[in-house]
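Letter by letter, the chains look like this.
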Amino acid sequence: MADKGGTIVIKKYANRRLYNTGTSTYVTLEDLSNMVKRDEDFVVQDAKSGDDITHSVLTQIIFELENQTGNAMLPIPFLRQLIAYYGDQMQMFVPSYLEQSMKAFQGRQEQLREEFASAVGDPVQMMTVGQKAMEEQARRNMEMFTKAMAMFNPFAAGPAAGLDAMTKGEDEARSGDDLSEMKRQIAAMQEKLDKLGSS
């Protein structure tokens, strides 16, 4: 059974079994992983309470994948940094930053696949393509983060720096949508903080 938007509902029972209500079959974490790769939208609910536990199940899938020999994708320094942000005042920015970074990377993946395909058989060229891709992504991530911080407090590094962070950048036109989405999310977070403060 899927909801009105076509989202498949997965029920998780106390015995840890997962039940796909769309196909009326029990599924595994590997099945859910394959559904993600096929871009099938699903939500995982606790069978007893009805609570949405999609986040914890997806995290569990990543844990399982990371533990498979030769399949680790998350570098140790990244994991250390991620853990360090829990409870930090910057924690509220991390989810939006990571989401926007992944969206930007996803937007370039077809181009990267083509570049890698053309470099097959030439290890030096493949390394060059990979290094350029990482440098470009790191540059875009830094620009995105700087702009986000400037929007939150445009005069933190002085008026000129705040203005520069919001107006400069050769990719400004392309990152406009990302910036708007980040603005919206920061505004929503600020609204929640205001409500918490007044309660």
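Keep in mind the model is a prediction, meaning the values are calculated, not measured. (Residues numbered from 1 in each chain as written. Predicted model: local features only at pLDDT ≥ 70, side-chain atom pairs only at ≥ 80, totals over all residues. Heavy atoms only, no water.)

Chemist: Teacher, can you tell me more about the sheet that holds strand 3 (residues 25-27) here?
Modeler: Paired through their backbone hydrogen bonds, the strands of a sheet run either parallel or antiparallel. Reading across the sheet, the 4 strands line up as 3-2-1-4 and stay open at both edges, with mixed pairing between neighbours. Strands with a single pairing partner mark the edges of an open sheet, and in this sheet they are strand 3 and strand 4 (42-46). Here the average twist between neighbouring strands, direction ignored, is 35 degrees. Pairing of strand 1 (residues 8-12) with strand 4, which is carried by 5 bridges, proceeds in the parallel orientation. When the bridges of strand 4 are listed, Val9 appears paired with Val43. Contacts from helix 1 (residues 29-37) reach strand 1, strand 2 (18-20), strand 3 and strand 4 within the one sheet, and its direction differs from that of strand 4 by about 150 degrees. The sheet contacts of helix 2 (residues 54-67) involve strand 1 and strand 4, and relative to strand 4 the element is tilted by about 110 degrees. (Pairing = 2+ DSSP bridges. Helix = DSSP H or I, 4+ residues; strand = E, 2+ residues; numbered from the N terminus. Axes fitted to C-alpha atoms, helices over the stretch in contact; angles between N-to-C directions. Contact = heavy atoms within 4.5 Å.)

Chemist: Explanation requested: the pattern of salt bridges in the structure shown.
Modeler: It is possible for side chains of opposite charge to pair when their charged atoms get near one another. What the rule picks out here adds up to 2 salt bridges. The salt bridge involving Glu40 is made with Arg38; its shortest N-O contact spans 2.6 Å. For Glu40, a relative accessible area of 30% translates into the label partly exposed. Here Lys103 makes a salt bridge to Glu99, at a shortest N to O gap of 3.7 Å. One end of the pair is Lys103 and the other is Glu99, both in helix 4 (residues 94-118) and 4 residues apart, which spans about a single turn. Its relative accessible area of 38% is what places Lys103 among the partly exposed residues. (Salt bridge = Lys/Arg side-chain N within 4 Å of Asp/Glu carboxyl O. Buried < 20%, exposed > 50% of the residue type's maximum accessible area, 1.4 Å probe, protein only.)

Chemist: Is there a simple way to think about the nonpolar core in this case?
Modeler: Note that soluble globular proteins tend to have their nonpolar side chains buried in a common cluster. Judged by nonpolar contacts, Ile8, Ile10, Leu18, Val27, Leu29, Leu32, Met35, Phe42, Val44, Ile53, Val57 and Ile61 together constitute the single largest core of 12 residues. When residues of this core are traced back to their parent elements, those giving at least two are strand 1, helix 1, strand 4 and helix 2. If one sorts the elements of this core by residue count, helix 1 sits on top with 3 residues. With near-sequence residues (within four places) excluded, Leu29 lies in contact with Leu18, Val57, Gln60, Ile61 and Glu64. (Core = buried A, V, L, I, M, F, W, Y, C linked by side-chain atoms within 4.5 Å.)

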